Amino acid sequence: MGAQFSIFGAGRHLSRVAHSMHANLPLVKFAGFSSFACLLWFYSGLSFPLSLGASFSLYLVTGGWKFILVVLKTLPRDARALYILTTMKFKMKKYIRENSSIPKIFQETVRKYPNKVAFIYEGHEWTFRAVDECSNAIANNLLENGYQRDDVIALFMESRPEFVCFWLGMAKIGVVGALINFNLRMDSLLHCIQASEAKGLIFGGELIDAVKDIRPSLRHDMPLFCSGNYNAAVLPAVHLDPLLERCSRLPPPNLATKFKGRLFLVYTSGTTGMPKAAVVVHSRYYYMASTLHMMFRLTDRDIIYDCLPLYHTAGGILGIGQTLIWGNTLVIRKKFSASNFWTDCVRYNCTVVQYIGEICRYLLAQPHRPEESQHHVRLAYGNGLRPQIWEQFMKRFNVGQIGEFYGATEGNANIVNMDNKVAAVGFTTRIAPFLYPVTLIKVDELTGSPIRDSHGLCIQCQPGEPGELVGKIVKGDPIREFDGYVNKDATSKKIAYDVFRKGDMAFLTGDMLIMDDCGYMYFKDRTGDTFRWRGENVSTSEVEASISNIVKLKDCVVYGVEVPGVEGKAGMAAIVDGQHSIDLNRLCKDLGRSLPPYARPVFIRLLEELEATGTFKLKKVNLQKEGYNPSIVKDRLFYMDSKSGGYVPIDQQVYSQICSGKIRM
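Rules behind the numbers
- Residues numbered from 1 in each chain as written.
- Predicted model: local features only at pLDDT ≥ 70, side-chain atom pairs only at ≥ 80, totals over all residues.
- Heavy atoms only, no water.
- Axes fitted to C-alpha atoms, helices over the stretch in contact; angles between N-to-C directions.
- Helix = DSSP H or I, 4+ residues; strand = E, 2+ residues; numbered from the N terminus.
- Left-handed = near helix turned anticlockwise from the far one by under 90°.
- Contact = heavy atoms within 4.5 Å.
- Nonpolar A, V, L, I, M, F, W, Y, C, P; charged D, E, K, R; others polar.
- Phe/Tyr/Trp six-rings, centres within 6.5 Å; stacked < 30°, edge-to-face > 60°.
- Buried < 20%, exposed > 50% of the residue type's maximum accessible area, 1.4 Å probe, protein only.
- Lys NZ or Arg CZ within 6 Å of the ring centre and 35° of its normal.
- Parallel < 35°, antiparallel > 145°, perpendicular 65-115°, else oblique.
- Salt bridge = Lys/Arg side-chain N within 4 Å of Asp/Glu carboxyl O.
- Patch = residues over 30% accessible without salt bridge, like charges linked within 9 Å, V, L, I, M, F, W, Y side chains within 5 Å.
- Areas by Shrake-Rupley, 256 points an atom, 1.4 Å probe, with all protein chains shown as cover.
- Arc of directions from axis to C-beta.

Colleague: Quick one: what's the story with the packing of helix α4 (residues 102-112) against helix α5 (residues 128-144), residue by residue and with numbers?
Modeller: The angle between the axes and the distance between the axes are what describe a pair of packed helices. Axis separation between α4 and α5 bottoms out at 9 Å; the angle between their running directions is 140 degrees. In this structure, α4 crosses over α5, and the sense of that crossing is left-handed. Residues F106, Q107, T109 and V110 of α4 pack against F128, R129, V131 and D132 of α5. Considered class by class, the residues forming the contact of α4 with α5 number 4 nonpolar, 2 polar and 2 charged.

Colleague: Hey, could you go over the packing of aromatic side chains for me, with residue numbers and the actual values?
Modeller: Under the counting rule described, the total for this entry stands at 22 aromatic pairs. Taking 4.9 Å as the distance between ring centres and 80 degrees as the angle between the ring planes, the aromatic pair formed by F341 and W342 counts as edge-to-face. Assessed through its relative accessible area of 3%, W342 is described here as buried. Three or more aromatic residues joined by ring pairs form one cluster here, namely Y305, F336, F341, W342, Y362, F393 and F397. The lysine or arginine in question, R77, covers the ring of Y520, its NZ or CZ lying 4.7 Å from the ring centre. Cation over ring: R480 sits above Y436, and NZ or CZ is 5.3 Å from the ring centre.

Colleague: Tell me about the packing of helix α16 (residues 540-550) against helix α17 (residues 584-594), residues and numbers included.
Modeller: The geometry of α16 relative to α17 is characterised by a closest axis approach of 10 Å and an angle of 135 degrees between their N-to-C directions. Between α16 and α17, the interaxial angle falls into the category oblique. Relative to α17, α16 is oriented so that their crossing is right-handed. From α16, S546, I547 and I550 reach across to α17, where they touch L587, D590, L591 and S594. Split by residue class, the contact of α16 with α17 holds 4 nonpolar, 2 polar and 1 charged.

Colleague: So what's going on with the pattern of salt bridges? Residues and values would help.
Modeller: Under the counting rule described, the total for this entry stands at 24 salt bridges. Between E162 and R160 there is a salt bridge, with the nearest N and O atoms lying 3.6 Å from each other. Classification of E162 by relative accessible area gives partly exposed; the value is 23%. Using a relative accessible area of 11% as the deciding quantity, one classes R160 as buried. One salt bridge connects D221 with R219, and the closest N-O pair in it is separated by 3.1 Å. Overall, D221 belongs to the partly exposed group, its relative accessible area being 48%. Within this structure, R160, E162 and E206 form a network of salt bridges that share partners.

Colleague: Break down a nonpolar patch on the surface for me, with residues and values.
Modeller: A contiguous nonpolar surface patch, about 250 Å² in accessible area, is contributed by L82, F434 and L435. Assignment of secondary structure puts L435 in the loop between β16 (426-427) and β17 (438-441). A residue is classified by how much of its surface remains accessible, and L435, at 42% relative accessible area, is partly exposed.

Colleague: Go over helix α7 (residues 186-195) with me, naming the residues and quoting the values.
Modeller: Turning to α7, its buried residues are L189, L190, C192 and I193. Buried residues of α7, viewed axially, fall in a sector of 160 degrees; they line one side. Close packing links the buried residues of α7 with β3 (152-156), β4 (176-180), β5 (201-204), α8 (208-214) and β8 (262-267). Immediately beyond the C-terminal end of α7, within one or two residues, lies E197, with a positive phi of roughly 60 degrees.

Structural data, given as structure tokens:
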């Protein structure tokens, strides 16, 4: 009898676990089957095998076979992911106990590979010992200048090995580097420095003019340090290079560190406003770099090509982290060059490359060259590869695997596509979702706010239902914590409460994804980018992809604009057409074949170039504000004329007729 009650209690426990994941219907059904088997055995007098068999048969007949099929398909994938997750948790708990840090982990790498090449930059090689000694000199110099633990120093420099040495040297003495986008100028640059509350600024000599422009607005007592070619006549500053030559290259004093303490600050791209400073702690740096290393089966023999900006997560953590933590050789390129990409890969014998944003599209737009078939690249990993060109990229460049991932630097909702599933940005387990509480929740189409059930909890999406990706926040768990931003108000806006159960919290990504039956997730759109037209939701990313394919991979952004007296927002596409080669009649016909009527752009703007962030994200905020008014916009403007069925130029008279309603949209 005791054993019977024990099994019955186990069934009730499984049912409670499933109920806590109330949107995971297959698991709820499976829990119900388990409970029913226990009840049948206890009350009917049947043997346990017969009770189990009868219940399982009922489960299969009522649709449970679908869940069993999902289990069979995804169990090997999920088991490997669970092993990696468990390994990461074990290692991170060990580092927390030891008060470890990224610099200390790097010391282990240096001891293992002292004379191995760590970085290759413009033909020059940096060994692990050289990187270690350079960062030691920087740490010792900063100590001499009076900097202390938790002080912030802004770092403004183009991508090169010294950039890594500077923030690594800071981290060795507990100073926090604010890694600033080297493309920023004037107000944006000033904002990032001030938002970090920096007590000093280290800049590259190549950016001295940008610093000179904002110097009057900086605190008068803020120290300026220059590395690289320095011209004192342009801007007074401390030239670091000769000082570092004289500094001790021995390790600095072993200051107390915390694995969950701040490592550096990185900034959001600022596509919808001023960049926000996000906190990266040592544990998150380790987790992000190491998880990808294991997921994509990287080895220390891989040579990685990193042409991404090192102030950003993709280049600075997921790329540089492979070197600092795992001992990979990394090729650093100052700036991405589509024409030199494959040439570099052949020259340095790269086996792995990184991409982000539109890089893959830029490479496909290049003319064919011999090097694209002479390289040894087996894996390309990154995020933002459009599904429409996924297989085309793999086939043309003979890359065996795409390692797409999704995740925000500061967030905890990270997912990875580790098994080359075309177009998927990652996956979550459907067998035991409570093991990795990252899921999709339903949101209001108009407000973007979470939709809640009668108990006040968020409603999780079923396969095929679009929703916002969220990750449960668990205090004390370095994998599940949300480190947030320097600005507390910005942090609070990214947290939702009562998501999985009462009293819990979750990180809101702001991105809409959709999941299939096996738990693979596909990017749909930003919550703010989707707009309604003709009573339908229009995904800007889907329209952008269609237009880009039609106009031979030219830059393009899509956004919604208001039309007086008309509900919703009309679609408008800004397309780069510097050579005036786009045939609008052809574009109109091709869009008619690829998009539903409500998704076809009502307005077209042809311009010389589009502004992009340093991580190749095209900006659209200012374009959206300017709209289609020819008195503001000097580029060529067109609207879809319902009578002729084609795009017609917009002049001031046409614009007035659209605004007055004489021309109906």
